[in-house]
Every structure is written in C-alpha cells, then in structure tokens.
Amino acid sequence: MERDPLVERLWAGTASMDEWTEAVKGGAITDVANDVIAIHTTYYCGSCTVIRTAVGLVVIDTGNDATAHEMQAVRRSWDDGRVHTVIYTHGHVDHTSGARLIDLEADEKGAARPTVIAHRNVEKRMDRYDASHGLNTLVQRQQFNKAADYAYPTNYRRPDRVYDDRLSLEVGGTKIELFHARGETDDATFVWLPDERVLISGDFVGWIFPNPGNPRKVQRYAPDWANALRRMASLNPEVLVAGHGPVIFGADRAAQVLSDGAEVLECLTQQTLDLMNRGATLNEVLHAVKAPAELIRKPYLQPKYDDPEFVVRSIWHLYAGWFDGSPAHLKPALDSELATELAALAGGVSKLATRASALAREGHTRTAAHLIEFASNAAPDDQSIQALRAGVYEACVEAESSLIGKAIFAVYKRNAEERSGN
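Computed from a predicted structure; not experimentally measured. (Residues numbered from 1 in each chain as written. Predicted model: local features only at pLDDT ≥ 70, side-chain atom pairs only at ≥ 80, totals over all residues. Heavy atoms only, no water.)

## Digging into the overall build of the chain
Link 1 in the chain: A tally of regular secondary structure across the chain gives 17 helices and 13 strands.
Link 2 in the chain: Its C-alpha atoms give the chain a radius of gyration of 24 Å, near enough to 22 Å, the size a compact globule of 422 residues would have.
Link 3 in the chain: Principal axes of the C-alpha set define a box for the chain whose edges measure 80 × 45 × 40 Å.
Link 4 in the chain: Across the 422 residues of the chain, 52% fall into the buried class.
Link 5 in the chain: The long-range share in the chain, meaning contacts at least 24 apart out of those at least 6 apart in sequence, stands at 66%.
Link 6 in the chain: Looking at the chain as shown, the accessible area adds up to about 19,100 Å², and 50% of this sits on carbon and sulfur atoms. (Helix = DSSP H or I, 4+ residues; strand = E, 2+ residues; numbered from the N terminus. Rg over C-alpha atoms; globule rule 2.2 N^0.38 Å. Buried < 20%, exposed > 50% of the residue type's maximum accessible area, 1.4 Å probe, protein only. Contact = heavy atoms within 4.5 Å. Areas by Shrake-Rupley, 256 points an atom, 1.4 Å probe, with all protein chains shown as cover.)

Structure representation (structure tokens):
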C-alpha cells in the first residue's frame, strides 16, 4: 500500500498534527483492510472504525456531538447499510456521543437499532458522570474555555451488552476479539481483527505521550497501560488504528509504537516505585523521576498533552494514596491563615507578590506560583495583587509544554484578570 506523504512526514517529525487535522477536516476515510475503514474528522476527536459484514456494519467508536454528523455522512458515503453493532473502546464522550445519532438513523430507516457493546465499567462511568455532572461541566468550561452556558453531555447511549475480560464475536462472518485493559480509563477495550491482523487500540495509542496523568480526572493506570501495550504487541498486528491520529501501517512500525509506549510508562513506574520504596516524599519523587529523553523525542511520544510529571503523581496515588509524605499536608491549615502568617513574616502582601512577579520574569515559575498564591490568599480582594497574579500565570502558561498544564494555568490567569478589574 502506498504511504500517505503527510503521515510519512508526521512519522519523521517534520509535520505537525495540526496539518493532519486540517487535511481531514470535514471527514476523511483511510482504507485499513478489505471492508474495513477508519474515519477521521479531527485529531481532537476519537477515530471511528467501520467494518462491513454480511449482516450490516460494525462501528467502533462514534465521535462526539460536534463530529458525529460528519462521521455519519462519511460512513454513509462509503456504505449506507444498516449499523448492526457498535463497540465502545471506552466511555469518553468523544468516542460514544455519536451512538444516539446511529439510533436515530435506524429509526428513520425502520431498521432495528444496533447492539452497543462495551466493557462493564462503561455503565459505572456513565453513573459517575451523572453524580458529578456539575464538576464535569466546570472542568470542561475551564480547561477548554467554553461558554458560560456549556453543560456536560448527559444523553449517553448506554451499552446493551457488557463483558468483563475478553469477548469473542462473529458478526456476519467477521471475527472480532475484544480485550479489556486499564489505562487512561478503567473501562477500556482494544479490538483485534485476527483474519485482517488489524488492531484498533482506542486511546491506548494516540500519536502522543500517553495520558494517565491528567490532573482533573479520576485515577488512571500507567502500569496497566504498559501491560496492555505489551499484550497488543504480542498479537503482531499489521495495521494499528490509533484512537487519535492517522492509521499506522506495517508490522514493524506498529510494534515500535506499542513497544516504545510500554517502555516509557514502565520506566516512569519503576523509577517512582524505587524512590517510594526508599521512603522518598512525593515532592522528592516529582523532581527526581525523568522520562527517557530518547523516547519522548519520538514524534508519536512527545508530551504535548499530558506531562510525565503528572503521570508520576498518578503512579504515586495508585500505589500510595493521597498522602504525599509531608506532615504539614496531613491536616493542613486554611490557605488564607497560612498566607496571612507568611505575608506578615515577609513584611507585607505586596512584598510576596512583587517577589513572585520577579521570579516569574526570571523563569522561576514554580516558585513564583507558590508565592503569588500566598499573596492572593492573604489579600483576595486586592486588585493590584490580582494583576500581578495574572502576569505570573501568563509566564507559567508560556513555560509549560503540555496542553493540559497550559490550560489549567490559563484558567487561573483568566480568574486573576477578572478579579483585577482589567
């Protein structure tokens, strides 16, 4: 198969994923195997895989509210037949929200709705989304700077059939194997087409450093993620359909991506455990553990979304719980009380804020963030302090390499700007 020149440039590190997103805008098809395609609309929404069988289509992941209509139109341009089965690789809304549209399509055609299959924990995720709807809405508004009237989606299409560890299907003569593993989520599935030797990885692979460390999400599972990638590699796929980004063709490349992803997570996990087992605190671990430079330089492992340091926090929490090893954090004082004491020791709130601003200009953004929060908590209504705080977090945004880190710092920059009256 002739390779896509843009994907070749991505593999070589000479193109950006934004270029690829622009190229697939509006919906694009990649021919994966005979009667198997992948549909892409943007890097930021999960890929969709469609399999043509003798009894109808199997759709693996369905897009989000913004992209589902495009995915549907592209799919129907390829095959307007009935969707027989939908498989979720996990319960995130950018992989599941389009299923409602497929139900409506079936209703309009007078056909049976598809059977939706997922791991058992997808149901529990949807229950949790209901319980924490206000929080999810707030996090999404903040992280992605959404409008004030944005509300987190609640129109989930729940699974009709669930499984626990492994599920073997035969749909219209096509063999499909589902495997459960924990990684970004506890409800994840990767899909194997043994006759075609095609692996649909879900978000275990996404052309980026793995994402088990997101600070605003529930517990994620770096060591399990590594194990899952090793398990996928043992299948020896010829084609790897990533959860985000272009399809990877060739057994050698698929094996390299899976092996490198596993290795970087195994390395972070082992370093973290070695230090924990020697009695290190979380702060000491965070500043000591490093991802192998030769791995995170690779175009498909660059930490542009998650940050290895965030992953280390997640590993700590997985093995040790929330206590970070500092006795002062076991029963902490109110932020405002501690800040007031420190401001008095420093000779006033303005000195704390001025020093924070100077440190930020010098590139010491971590220390600057501590000091400016002390100043803000000691004098929360002082607009001049908030103006300096906005400047500190602007420096933090500039210094941060991960998209998640930039987004979180930007939340507090906007908050400070609003409170400063500017």
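## Points about the sheet that holds strand S4 (residues 56–60)
Link 1 in the chain: Strand order across the open sheet formed by seven strands is S1-S2-S3-S4-S5-S6-S7, with mixed pairing between neighbours. Sheet topology places strand S1 (28–33) and strand S7 (161–163) at the edges, where each strand pairs with a single neighbour. On average, each strand axis in the sheet is inclined to that of its neighbour by 20 degrees, with strand direction left out of account.
Link 2 in the chain: Sheet topology note: the strand S6 (residues 115–119)/S7 ladder contains three bridges and is parallel. (Pairing = 2+ DSSP bridges. Axes fitted to C-alpha atoms, helices over the stretch in contact; angles between N-to-C directions.)

## So, the nonpolar core
Link 1 in the chain: With 53 residues, the main nonpolar core has Phe 204 and Trp 207 as its most contacted residues.
Link 2 in the chain: Here this core takes ten residues from helix H9 (residues 251–277), the largest share from any one element.
Link 3 in the chain: When neighbours within four sequence positions are excluded, Phe 204 is seen to be in contact with Ala 181, Arg 182, Gly 183, Ala 188, Phe 190, Trp 225, Ala 228, Leu 229 and Met 232.
Link 4 in the chain: Residues Cys 45, Val 83, Val 93 and Val 122 belong to the second largest nonpolar core, which totals 23 residues. (Core = buried A, V, L, I, M, F, W, Y, C linked by side-chain atoms within 4.5 Å.)

## Looking at the pattern of salt bridges
Link 1 in the chain: Under the counting rule described, the total for this entry stands at 28 salt bridges.
Link 2 in the chain: Arg 253 is the salt-bridge partner of Glu 8, the closest N and O atoms lying 2.8 Å from each other. In this pair, Glu 8 sits in helix H1 (residues 5–12) while Arg 253 sits in helix H9, placing the two residues 245 residues apart along the sequence.
Link 3 in the chain: Take Glu 8: its relative accessible area is 26%, and that puts it in the partly exposed class.
Link 4 in the chain: Note that Arg 157 and Asp 103 form a salt bridge whose closest N and O atoms lie 2.5 Å from each other. Taken as a pair, Arg 157 in the loop between helix H7 (133–143) and S7 and Asp 103 in helix H5 (residues 99–109) lie far apart in primary sequence, 54 residues in all. Each of the two residues, Arg 157 as well as Asp 103, counts as buried.
Link 5 in the chain: A single network of salt bridges, built from pairs that share partners, joins Arg 75, Arg 76, Asp 80, Glu 105 and Lys 109. (Salt bridge = Lys/Arg side-chain N within 4 Å of Asp/Glu carboxyl O.)

## Concerning the packing of aromatic side chains
Link 1 in the chain: Here the structure, examined in full by the defined rule, presents eleven aromatic pairs.
Link 2 in the chain: Seen from their ring centres, Tyr 393 and Tyr 412 are 6.4 Å apart, and the 50 degrees between their planes marks the pair as tilted. With Tyr 393 in helix H16 (residues 383–399) and Tyr 412 in helix H17 (residues 403–420), the pair connects residues that are 19 residues apart, well separated along the chain.
Link 3 in the chain: A relative accessible area of 6% means that Tyr 393 is categorised as buried.
Link 4 in the chain: A relative accessible area of 35% places Tyr 412 in the partly exposed class.
Link 5 in the chain: Of the aromatic side chains, those joined through ring pairs into one cluster are Phe 179, Phe 190, Phe 204 and Trp 225.
Link 6 in the chain: The ring centre of Trp 78 lies 4.0 Å from the NZ or CZ of Arg 52, which sits over that ring.
Link 7 in the chain: Above the ring of Tyr 150, the side-chain terminus of Lys 146 is found at 4.9 Å from the ring centroid. (Phe/Tyr/Trp six-rings, centres within 6.5 Å; stacked < 30°, edge-to-face > 60°. Lys NZ or Arg CZ within 6 Å of the ring centre and 35° of its normal.)

## Here's the deal with the environment of Arg 157
Link 1 in the chain: Under the relative-accessibility criterion, Arg 157 is labelled buried at 8%.
Link 2 in the chain: In sequence terms Arg 157 and Gly 347 are 190 residues apart; their C-alpha atoms lie 58 Å from each other.
Link 3 in the chain: Leave out the neighbours within four places in its chain, and Arg 157 touches Tyr 88, Ala 99, Arg 100, Asp 103, Arg 113, Pro 114, Val 116 and Met 126.

## Focus on the side chain of Thr 41
Link 1 in the chain: Within the secondary structure, Thr 41 sits in the loop between strand S2 (36–40) and strand S3 (48–53).
Link 2 in the chain: By relative accessible area, which is 5% here, Thr 41 ends up buried.
Link 3 in the chain: With residues near it in sequence (within four places) discarded, Thr 41 still touches Thr 21, Val 24, Lys 25, Gly 26, Gly 27, Thr 67, Glu 70 and Met 71.

## Here we look at a nonpolar patch on the surface
Link 1 in the chain: A cluster of nonpolar side chains, contributed by Trp 322, Phe 323 and Leu 330, occupies part of the molecular surface with about 340 Å² of accessible area.
Link 2 in the chain: Here Trp 322 shows up in the loop between helix H12 (308–320) and helix H13 (335–346). (Patch = residues over 30% accessible without salt bridge, like charges linked within 9 Å, V, L, I, M, F, W, Y side chains within 5 Å.)

## Here we look at the pairing of strand S10 (residues 188–193)
Link 1 in the chain: Burial of S10 is extensive: six of the six residues sit out of reach of the surface.
Link 2 in the chain: Going residue by residue along S10, you find Ala 188, Phe 190 and Trp 192 tucked away on one face and Thr 189, Val 191 and Leu 193 tucked away on the opposite face as well.
Link 3 in the chain: Of the pairings in the sheet, the one linking strand S9 (residues 174–181) to S10 comprises five bridges and is antiparallel in character. The residue bridging Leu 178 from the neighbouring strand is Val 191, located in S10.
Link 4 in the chain: Two successive antiparallel strands, S9 and S10, enclose a turn made up of six residues.
Link 5 in the chain: Where S10 meets strand S11 (residues 198–202), three bridges bridge the pair, whose relative direction is antiparallel. Note on S11: the bridge partner recorded for Trp 192 is Leu 199.
Link 6 in the chain: Counted between consecutive antiparallel strands, the loop separating S10 from S11 contains four residues, among which Arg 197 sits at a positive phi close to 60 degrees.

## Details of the packing of helix H15 (residues 365–378) against H16
Link 1 in the chain: Packing of H15 against H16 leaves a shortest axis separation of 10 Å and a crossing angle of 155 degrees. In terms of axis orientation, H15 runs roughly antiparallel to H16. The interaxial crossing formed by H15 with H16 has left-handed handedness. For the pair H15 and H16, the contacting residues are Thr 365, Ala 368, Ala 369, Ile 372, Glu 373, Ala 375 and Ser 376 in the first and Ile 385, Gln 386, Leu 388, Arg 389, Val 392, Tyr 393, Ala 395, Cys 396 and Ala 399 in the second.
Link 2 in the chain: For the contact of H15 with H16, the per-class residue count stands at eleven nonpolar, three polar and two charged. (Parallel < 35°, antiparallel > 145°, perpendicular 65-115°, else oblique. Left-handed = near helix turned anticlockwise from the far one by under 90°. Nonpolar A, V, L, I, M, F, W, Y, C, P; charged D, E, K, R; others polar.)

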